[in-house]
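Chain residues, written in single-letter form:
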Amino acid sequence: MNRVLPILVVLAAILALWYVAVVPMNAGWTIAQAERAGHELTFVDIVADTMNQDRPRLPAPHQVAAELKKTVLDTKVTSKRSLVFHGWITLQSTLWGFALGTTVGIGMAVSIVYSRTANMSLMPWAIISQTIPIVAIAPMIIVVLATLGVEGRTVPKAIISAYLCFFPVLVSMVKGLRSPGAMQIDLMKTYSANAGQTFWKLRLPASVPYLFTSLKVGIAAALVGTIVGELPTGAIQGLGARILIGDQFGNPLMIWSALIAAACLAGALVTIVTVLQSLALQRMGYAR
Amino acid sequence: MSQAAAIEAKNLDLTFETGDGSIQALQDVTLEIGKGEFVSFIGPSGCGKTTFLRVVAGLETPTGGEVRVNGTSPDEARRDRAYGYVFQEAGLYPWRTIAGNVRLPLEIMGYSKSEMADRVNRVLELVELSGFENKHPWQLSGGMQQRASIARALAFDADILLMDEPFGALDEIVRDHLNEQLLGLWDHTGKTIGFVTHSIPEAVYLSTRIVVMSPRPGRITDIIDNPLPRKRPLDIRDTPEFLEVAQRIRKGLRAGQSYGD
Ligand SMILES: Nc1ncnc2c1ncn2[C@@H]1O[C@H](COP(=O)(O)OP(=O)(O)OP(=O)(O)O)[C@@H](O)[C@H]1O
Ligand SMILES: [Mg+2]
């Protein structure tokens, strides 16, 4: 309860701000309509109308809620109009991208920690890769993979997602694998431990807290990557595609409900990783 | 060099090359430690005590002179599991239980499961930590953690124990208790112990010989034979013999200082 209350307070504040913003955003259209029809509008009339337009610039929260109810609860999940269906598509790509990105991130971190050459050659490229805007790279990846004969959107989306996800994992794992101090390394030396033993018994377990911290960032990045991968024209499935289509067809309700769904999905994923983190660290004896 | 010695150092030199010049950490150090001896190293900060232990352990390579451990090179001695090393910090792995930490060297050295369990039980009993097997390091006091780290160094039965200020961070009461325990352990295991300390009473209480060192360059200024009997109750520290040895160490430390400055 102590943890839920602050979240609810912030949520209430956001909703209040949102409602306040709806009036100026949509009032222009209301007033223009009334002028054309020759009506005189009171302030209360204007406010009431801005809350319930068909094509608002900024839909009111209750409109988005109604749209969410319609597309989540009242639509069969197999239907192309169901947000659950699109969320599932996005979730799948996110998880693939997350798995791929985490694997690549850990693998690169290990080689960077163990090889000077890798440290000097891989690390700069990893950093440069993150300075290139993902929206610029995403269409290229899709086109390149298509010419290579990769069918569908799943693979390119997962790759774009992994592209964003591997970096935080890489940085944290390098830090984590290097976290044992000189004394810990010397201790292993006095046992004549080989490189493998030092890795499995010292460096890897020492890096676990670092890994989980980065996984929380990584899974959120993977979701963003997937949604970006769904944006380039041509996509018809996934939350990103819903945002794009909503934009093209001037349907802000569709955009906003997809955004809310993406936020909920991100929240759920990060929560799951957080729970796994505390379970794992507790099991390893880190927790106090 | 005689065959019986556990540790022999002959004209040992070690110069560290650093960014702003070279530091002579050890200069012409010659010392022989017999099997079963308890030798303490005492001296001001920076006189090369740690460096000497690290050279013996093969963690540092001397730039001149020779070291033999059990008649072999430090590297060979390490592969033969000739020594256990106790660092100043306990350095237990937080993700392992106390038993798991003590088991670490045994896992690396490839002992069988039952052998590991036996040894872990035995050394934990030796340092009076039975019953704490499944606790994690953070659940133990500093003194208990240091005892666990000693148990870890004892687990694989090396005949030489190298200890670098193992009780430096502990309060006096705990320290007295651990000193008594260590002395008892040395007495009935017959191990050779090299022990670095900053405390004169600790050095006198524990050792058969005390090596006094001085810095810049790090060298031995005095080696004192301790006439105290092997069995030493804590109150031996109030006897004239004890105070006499302490006095000589103090003099040696002072002499080293005036020479250096
Ligand atoms: N790896 C290293 N690189 C450079 N200089 C070093 C290194 N290790 C030790 N030294 C220097 O060698 C000298 C001896 O250091 P050492 O750690 O052996 O001293 P010590 O007697 O153990 O001191 P303390 O009582 O403070 O632990 C010091 O001047 C130290 O700065
Ligand atoms: Mg030291």
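Each chain carries its own residue numbering, running from 1 in the written order of its sequence. Here chains are named by letter from A upward and ligands by number from 1 upward, in the order in which they appear as written. Local features in a predicted model are, by the rule used here, given only for residues with pLDDT of at least 70; side-chain atom pairs are given and counted only at 80 or more, and totals for whole chains, interfaces and linings are based on all residues. Hydrogen atoms and water are omitted, and side-chain values are computed over all heavy atoms in the structure.

A. Molecular detail of the site of ligand 1. Residues and elements named next belong to chain B. Around ligand 1, 13 residues are found, and the nearest of them are Ser-45, Gly-46, Lys-49, Thr-50 and Thr-51. Whenever two N or O atoms come within 3.5 Å, that pair is a polar contact, provided that in protein one can donate a hydrogen and the other can accept it, and provided that, for residues adjacent in sequence, both atoms are side-chain atoms. Backbone polar atom of Gly-48 to an oxygen atom of ligand 1: 3.0 Å apart, as the coordinates give it. One of the side-chain N or O atoms of His-198 is found 3.0 Å from an oxygen atom in ligand 1. Taking 630 Å² as the accessible area of ligand 1 by itself, protein coverage stands at 66%. We count a stretch as a helix when DSSP gives it H or I for four or more residues in a row; a strand needs E for two or more, and each element gets its number in order from the N terminus. For the shell around ligand 1, the secondary structure elements donating two or more residues are β1 (5-18), β2 (21-34) and α1 (49-57). The biggest single contributor to the shell around ligand 1 is α1, with three residues. Near residues are defined by distance, with any heavy atom within 4 Å of the molecule or strand qualifying the residue. Residue exposure ignores everything except the shown protein chains as possible cover, and the areas themselves are Shrake-Rupley values with a 1.4 Å probe.

B. Fine view of the confidence of the model for chain B. In this model, chain B carries an average pLDDT of 91, and 97% of its residues clear a pLDDT of 70 or more. In the model output, the complex is listed with pTM 0.86 alongside ipTM 0.89. The predictor rates its confidence in each residue with pLDDT, a number between 0 and 100.

C. Summary view of the nonpolar core. Judged by nonpolar contacts, the single largest core of 140 residues is most densely connected at A:Leu170, B:Phe41, B:Phe52, B:Leu162 and B:Ile249. A total of eleven residues in this core trace back to one element, the largest contributor, which is helix α9 (residues 195-230) of chain A. The criterion is simple. A nonpolar core is a set of buried Ala, Val, Leu, Ile, Met, Phe, Trp, Tyr and Cys residues joined through side-chain atoms within 4.5 Å. Throughout this description, buried means an accessible area under 20% of the type-specific maximum (1.4 Å probe, protein chains only), exposed means over 50%, and partly exposed covers the range between.

D. Geometry of the interface of chain A and chain B. Taken together, the contact between chain A and chain B spans 20 residues of the former and 24 residues of the latter. Computed with a 1.4 Å rolling probe, the buried area is the accessible surface lost when two parts are put together, summed over both parts. Summed over the three residues of chain A that lose the most area to chain B, namely A:Met183, A:Tyr191 and A:Lys201, the buried surface amounts to 32% of that side. The salt bridge criterion pairs a side-chain nitrogen of Lys or Arg with a carboxyl oxygen of Asp or Glu, the two atoms within 4 Å. Where chain A meets chain B, there are two salt bridges. The salt bridge involving A:Lys201 is made with B:Glu107; its shortest N-O contact spans 2.8 Å. Joining chain A to chain B, the criterion identifies four residue pairs in polar contact (both at pLDDT 80 or more). The element best represented in the side of chain A that touches chain B is helix α8 (residues 182-190) of chain A, accounting for seven residues. Here the residues of the side of chain A that touches chain B sort into eleven nonpolar, five polar and four charged. Any two residues having at least one pair of non-hydrogen atoms within 4.5 Å are treated as being in contact. All residues other than Ala, Val, Leu, Ile, Met, Phe, Trp, Tyr, Cys, Pro, Asp, Glu, Lys and Arg, Gly among them, are scored as polar; the first ten of these are nonpolar and the last four charged.

E. Local environment of the packing of aromatic side chains. When the centres of two rings from Phe, Tyr and Trp lie within 6.5 Å, Trp using its six-membered ring, the rings pair. Their planes under 30 degrees apart give stacked, over 60 give edge-to-face, and anything left gives tilted. Overall, the coordinates contain twelve aromatic pairs over all chains when judged by the stated rule. Arranged with centres 5.2 Å apart and planes meeting at 35 degrees, the rings of A:Trp18 and A:Trp256 form a pair that is tilted. Taken as a pair, A:Trp18 in helix α1 (residues 4-37) and A:Trp256 in helix α11 (residues 252-284) lie far apart in primary sequence, 238 residues in all. With a relative accessible area of 26%, A:Trp256 lands in the partly exposed category. Ring centres of A:Tyr286 and B:Trp95 lie 6.3 Å apart, and the angle between their planes is 45 degrees; this geometry places the pair in the tilted category. Of this pair, A:Tyr286 sits in the segment after α11 while B:Trp95 sits in the loop between β5 (83-86) and α3 (98-109), placing the two residues on different chains. Among the aromatic residues, those joined into a cluster by ring pairs are B:Phe38, B:Phe167, B:Trp186 and B:Phe195.

F. View of the environment of B:Arg103. Residues and elements named next belong to chain B. Note that Arg-103 resides in helix α3. Under the relative-accessibility criterion, Arg-103 is labelled partly exposed at 29%. Each C-alpha atom, one on Arg-103 and one on Arg-54, is 23 Å from the other, the two residues being 49 residues apart in sequence. Other than its neighbours up to four places away in sequence, Arg-103 contacts Met-116 and Val-120.

G. Representation of the pattern of salt bridges. Residues and elements named next belong to chain B. Under the criterion given, the structure shown has 20 salt bridges over all chains. Between Glu-66 and Arg-68 there is a salt bridge, and its shortest N-O distance comes to 3.9 Å. Its relative accessible area of 38% is what places Glu-66 among the partly exposed residues. In this structure, Arg-96 and Glu-107 form a salt bridge, with 2.8 Å as the shortest nitrogen-oxygen distance.

H. Region of the structure containing the pairing of strand β8 (residues 209-214) of chain B. All names here are of chain B. Extensive coverage of β8 is indicated by the burial of six of its six residues. Neither face of β8 is left uncovered, since the one carrying Arg-209, Val-211 and Met-213 and the one carrying Ile-210, Val-212 and Ser-214 both have all their residues buried. Two strands make a pair as long as DSSP finds a minimum of two bridges between them. With four bridges connecting them, strand β3 (residues 38-42) and β8 associate as parallel partners. Bridge pairing in β8 places Val-39 opposite Arg-209. As judged from the six bridges shared by β8 and strand β9 (residues 219-225), these two strands associate in the antiparallel manner. Note that in β9 the partner of Ile-210 across the bridge is Ile-224. What sits between β8 and β9 in their antiparallel hairpin is a turn of four residues, with Arg-216 showing a positive phi close to 45 degrees.

I. Fine view of unusual backbone geometry. All names here are of chain B. Of note, the amide linkage connecting Arg-216 to Pro-217 takes the cis form, showing an omega dihedral of -10 degrees. Mapped onto the elements, Pro-217 comes out in the loop between β8 and β9. Even without being a glycine, Asn-11 presents a positive backbone phi close to 45 degrees. Of note, the phi angle at Asp-157 is positive, near 60 degrees, even though the residue is not glycine. Within the secondary structure, Asp-157 is located in the loop between α5 (142-154) and β6 (160-164). What makes Asp-157 partly exposed here is its relative accessible area of 38%.

J. The arrangement of the sheet that holds β9(B) in detail. Residues and elements named next belong to chain B. Pairing in this open sheet of six strands is mixed, and the strands run β5-β6-β7-β3-β8-β9 from one edge to the other. Whereas interior strands pair on both sides, the edge strands pair on one side only; in this sheet they are β5 and β9. Averaged over neighbouring strand pairs, the angle between their axes works out to 15 degrees when direction is ignored. Bridge analysis of β5 against β6 gives four bridges, and the strand direction is parallel. Directly across from Val-86, in β6, lies its bridge partner Met-163. Angles here are taken between N-to-C directions and fall from 0 to 180 degrees, while the axes themselves are lines fitted to C-alpha atoms, restricted in helices to the stretch in contact.

K. Seen up close, the pairing of β6(B). Residue and element names in this part refer to chain B. Burial analysis of β6 places five of its five residues in the buried class, the great majority of the element. Of the strand pairs in this sheet, β6 and strand β7 (residues 192-197) are connected by five bridges, and their pairing is parallel. If you follow Met-163 over to β7, its bridge partner there is Phe-195.

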